[in-house]
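The lines below spell out each chain.
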Amino acid sequence: MLKLQNVTKRYLRRTALDDVSLEIETGKVCLLLGPNGSGKTTMMKLITGLARPTSGDITLDGEGIGPATKARVAYMPTENYFYNYMTVKDIGKYYADFFRDFDSARYRRMLTDMELDEADHIRQLSSGMAAKLRLSLALSRDAALMMFDEPLNGVDILTRTQTIDAIRAGRQSGRTMLISTHLVDELEDVVDTLVFLKQGKLVMAGGKQEICAGRTLKDLYLDIYGHGSVGVQPDDQEVNPDA
Amino acid sequence: MLKLMKYEFRKWRTTLLALLAGLVALEVGFIVGLKLDKPTLMTVCLSLIAVLTFAAFAYLTIAGIAGYSQELREKSGYLVFMAPVQPISIVLSKLVFIALVSLASAALFGAAGYLDFRALLGKLHLDTQTMNNMNALLRFGLKTDATVQQILQMAGFVAVSVVLEVLLTMCTAYLAITLSATLLQNKKGFLRGLISIVLFVVLSWGSSWLSQKLLYTRIEFGAEIDEFRRTLGLSLLLNFGFCAVFAGISAWLLDKKVDM
């Protein structure tokens, strides 16, 4: 179980996350929603260990964020994070060297499916190809927690379908997934739980059926961030789809 | 840590190959001059090798420090900091790798230069005379009854001292960079670099001041070699201690405070 307790992240001039408490049960697919700047990426970076909370605790199955949890978390960021000297093959080797759950054979298959050449240098890749590479790397890991930051952005329809299929397969295998996206329509039928952030605060969190209550996810999103007037929920909001 | 060092090597592979290619080119020029009896060509190549000895060392050390700073600022740092490794392994892998390659390059260029120098002296029939003059200068300069063995031991100490000085400079720079990344968080640009430099100067001055306070001994010409060696030995231990402390603090800050 992923647990955030009173997590706040402040930078010099702004608060990216403000006293967020959240629990995501093992084996659930959770959609992290909110407009740009709401704190979604910050939350993922805190969980990955790329950033440190100003206050509060984050635990994965009771363990604080550190090398042990990094081995069990797969994170797909929105940005390119590869060294320019690397080829697509080099990055696969790097992942195989450091992550025991990385499946090199699956990686090669995904590269073929995504029409990526192992010999290509990172600097030669277009933004779409780089996005496909990031997806291939994340999906080639059998991590306990998989986090995707905008996985459907910048990729073609075929790749989007492949990604959604992979998320569906991951859900069936009992993996915990945290996905941030603006394309709510495409992922609506694969998610179990929803978390809404607004200006760093937790607005709402819970099981999809319970929260949507007959509305589409898009309508709910518009209610909260558009013409809606839904306020901030109290602390210790537990995400429990069975409630 | 060894895996991280492997990827450091791959990152620096092109630069190291370029330096090696430069050395090979100059050596080829020197050998061509030697065979064709062209002392001017030999002297030019030897002079460039001497310059490259220091330039390669300085470039690799400075670029290694700048590379660490860059990794904390750019997204490529995600690759290292997402890996399930201890922060101290990240710091040490970079420090040790750059210290090793910069010293190895200086040693390689220096050795090539020394051999070429001997060859040039031989070509000009000056080698025996020149070495005798150098030995006499050495004895005159030290004004002591020290034996050759003691002089060589001291040279060994000095060599280790140089290595530790290089490491200490790098550890100090790494700590300065990590501290500025901690203080300025996600700020980039000129200010972060300026703060790093200021912190580097303060930390360097502080460690030097502390060394002076703890180890102050007057060393005069003609002083016993043993006393000089004892003081130098203590200085080496102190420098090693500073390296360990600075590297440890950098690792702790990376673990607890620094955001990518």
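Because the structure is predicted, anything quoted here is derived from the model rather than measured.

**Remarks on the nonpolar core**
Here is step 1: Grouped together as the largest cluster of nonpolar side chains are 132 residues, with contacts concentrated most on A:Y95, A:L133, A:L194 and A:F196.
Here is step 2: The element best represented in this core is helix α6 (residues 148–184) of chain B, accounting for 10 residues.

**Examining a positive patch on the surface**
Residue and element names in this part refer to chain A.
Here is step 1: A contiguous patch of positive charge, built from K89, K93, R108 and R109, is present on the exposed surface.
Here is step 2: Sorting the residues of the positive patch by element identifies α3 (88–98) and α4 (104–113) as the ones contributing at least two each.
Here is step 3: Checked against the element boundaries, K93 lands in helix α3.
Here is step 4: Residue K93 is classed as partly exposed on the basis of its relative accessible area of 40%.

**Focus: helix α4 (residues 87–123) of chain B**
Here is step 1: Taking 1.5 Å per residue, 37 residues should reach 54 Å; α4(B) reaches 54 Å between its end C-alpha atoms and fits that length.
Here is step 2: Residue B:H125 follows α4(B) closely and has a positive phi angle near 55°.

**Digging into the interface of chain B and chain A**
Here is step 1: Counting residues at the interface gives 30 residues for chain B and 28 residues for chain A.
Here is step 2: Roughly 3000 Å² is buried in total at the junction of chain B and chain A, and carbon and sulfur atoms are behind 60% of that figure.
Here is step 3: Applying the counting rule to chain B against chain A returns three salt bridges.
Here is step 4: If you list the elements that add at least two residues to the side of chain B that touches chain A, you get α1 (2–35), α3 (77–81), α6 and α8 (225–256) of chain B.

**Things to note about the packing of aromatic side chains**
Here is step 1: According to the stated counting rule, one finds 14 aromatic pairs over all chains in the structure shown.
Here is step 2: A centroid spacing of 4.4 Å and a plane angle of 40° characterise the contact between A:Y81 and A:F82, whose relative ring orientation is tilted. Both residues of the pair, A:Y81 and A:F82, count as buried.
Here is step 3: For the ring pair A:Y81 and B:Y78, a centre distance of 6.4 Å and an interplane angle of 35° mean the geometry is tilted. With A:Y81 in the loop between β6 (73–76) and α3 and B:Y78 in helix α3, this pair bridges two chains.
Here is step 4: For the cation-ring pair, A:K9 lies above A:Y11, with the distance from its terminal atom to the ring centre recorded as 5.0 Å.
Here is step 5: Between B:R10 and the ring centre of B:Y7, over which it is positioned, the NZ or CZ distance is 5.1 Å.

**Some words on the pairing of strand β3 (residues 29–33) of chain A**
All names here are of chain A.
Here is step 1: Taking burial as the measure, the five residues of β3 include five buried ones, the bulk of the element.
Here is step 2: Alternating positions in β3 separate into two faces, V29, L31 and L33 on one and C30 and L32 on the other, with burial throughout.
Here is step 3: As judged from the four bridges shared by β3 and strand β9 (residues 193–198), these two strands associate in the parallel manner. Its bridge partner lying in β9, L32 is registered against V195.

**Looking at the sheet that holds strand β7 (residues 145–149) of chain A**
Residue and element names in this part refer to chain A.
Here is step 1: Pairing is mixed across the open sheet formed by six strands, whose spatial order is β6-β7-β8-β3-β9-β10. The open sheet has two edge strands, β6 and β10 (201–207), and neither has a second partner. Sheet twist, expressed as the mean angle between neighbouring strand axes with direction ignored, is 15°.
Here is step 2: Where β9 and β10 come together, six bridges link them in antiparallel fashion. By the bridge assignment for β10, V195 is matched with A205.
Here is step 3: Sheet strands touched by helix α1 (residues 40–48): β3, β6, β7, β8 (176–180) and β9. Its angle to β7, the strand with the most contacts, is close to 150°.

**Quick look at the pattern of salt bridges**
Residues and elements named next belong to chain B.
Here is step 1: If you walk through the whole model with that rule in mind, you get 20 salt bridges over all chains.
Here is step 2: In this structure, the salt-bridge partner of K11 is E71, at a minimum N-O distance of 3.1 Å. Taken as a pair, K11 in helix α1 and E71 in helix α2 (residues 39–73) lie far apart in primary sequence, 60 residues in all.
Here is step 3: K11 sits in the partly exposed class, given a relative accessible area of 25%.

**Thoughts on the pairing of β8(A)**
Residue and element names in this part refer to chain A.
Here is step 1: Extensive coverage of β8 is indicated by the burial of five of its five residues.
Here is step 2: Side-chain alternation along β8 places T176, L178 and S180 on one buried face and M177 and I179 on a second face that is also buried.
Here is step 3: As paired strands, β3 and β8 are joined by four bridges and run parallel to one another. Within β8, the position partnered with L31 by the bridge is I179.
Here is step 4: Sheet topology note: the β7/β8 ladder contains five bridges and is parallel. Residue pairing across strands places M146 opposite M177, the latter belonging to β8.
Here is step 5: For the crossover from β7 across helix α6 (residues 157–172) to β8, the handedness is right-handed.

**Some thoughts on the packing of α3(A) against α1(B)**
Here is step 1: Two elements in contact, α3(A) and α1(B), have axes whose closest approach is 11 Å; the angle formed by their N-to-C orientations is 165°. By the angle between their directions, the pair α3(A) and α1(B) is classed as roughly antiparallel. Between α3(A) and α1(B) the crossing geometry is left-handed. On α1(B), the residues that touch A:K93, A:Y94, A:D97 and A:F98 of α3(A) are B:K3, B:L4, B:K6 and B:Y7.
Here is step 2: Here the contact of α3(A) with α1(B) is composed, by residue class, of four nonpolar, no polar and four charged.

**Examining a nonpolar patch on the surface**
All names here are of chain B.
Here is step 1: A contiguous nonpolar patch, built from L17, L20, V24, V28, V32, L36, L41 and L108 and spanning about 660 Å² of accessible area, is present on the exposed surface.
Here is step 2: Here the nonpolar patch takes five residues from α1, the largest share from any one element.
Here is step 3: With respect to the helices and strands, the residue L20 is situated in helix α1.

Basis of the calculations
- Here, residues in each chain are numbered from 1, in the same order as that chain's written sequence.
- All chains are assigned letters beginning with A, and all ligands numbers beginning with 1, in the order in which they are written.
- pLDDT decides what is reported in this predicted model: residues at 70 or higher carry local features, side-chain atom pairs at 80 or more are listed and counted, and totals for whole chains, interfaces and linings draw on all residues regardless.
- To get the side-chain values, take all heavy atoms of the structure and skip hydrogens and water.
- Residue types Ala, Val, Leu, Ile, Met, Phe, Trp, Tyr and Cys, when buried and joined through side-chain atoms within 4.5 Å, form a set referred to as a nonpolar core.
- Buried means the residue's accessible area, taken with a 1.4 Å probe over protein chains only, is under 20% of the maximum for its type, while exposed means over 50%, and partly exposed covers the values in between.
- Each helix is a run of H or I in the DSSP string that is no shorter than four residues. Each strand is a run of E no shorter than two, and both are numbered from the N terminus.
- Distance thresholds for patches are 9 Å for like charges and 5 Å for nonpolar side chains (Val, Leu, Ile, Met, Phe, Trp, Tyr), applied to residues having over 30% relative accessible area and no salt bridge.
- Only the protein chains shown count as cover for residues, and the accessible areas themselves come from Shrake-Rupley with a 1.4 Å probe.
- Note on definitions: salt bridges are taken to be side-chain nitrogens of Lys or Arg within 4 Å of carboxyl oxygens of Asp or Glu.
- Under this rule, positive means Lys or Arg and negative means Asp or Glu; His and the chain ends count for nothing.
- Working definition for charges: the position is that of NZ of Lys, CZ of Arg, CG of Asp or CD of Glu.
- In this analysis, the expected span of each helix is defined as 1.5 Å times one less than the number of residues it contains.
- By the convention used here, residues are in contact when the closest approach between their heavy atoms is within 4.5 Å.
- The term buried area denotes the loss of accessible surface (1.4 Å probe radius) that occurs when two parts are joined, taken as the sum for both partners.
- When the centres of two rings from Phe, Tyr and Trp lie within 6.5 Å, Trp using its six-membered ring, the rings pair. Their planes under 30 degrees apart give stacked, over 60 give edge-to-face, and anything left gives tilted.
- Here, a charge over a ring means that NZ of Lys or CZ of Arg falls within 6 Å of the ring centre while also lying within 35 degrees of the ring normal.
- Two strands are said to pair when DSSP picks up at least two bridges between them.
- The axes used here are C-alpha line fits, helices contributing only the stretch in contact, and every angle between their N-to-C directions lies in the interval 0 to 180 degrees.
- By convention, a crossover is right-handed whenever its connection, traced from the first strand over the helix to the second and viewed with the strands pointing away, goes clockwise.
- Here the angle decides the label: under 35 degrees means roughly parallel, over 145 means roughly antiparallel, 65 to 115 means roughly perpendicular, and every other value means oblique.
- A crossing counts as left-handed when the near helix is turned anticlockwise from the far one by less than a right angle, and as right-handed when that turn is clockwise.
- Following the grouping adopted for this structure description, the nonpolar residues are Ala, Val, Leu, Ile, Met, Phe, Trp, Tyr, Cys and Pro, the charged ones are Asp, Glu, Lys and Arg, and the polar ones are all others, Gly among them.

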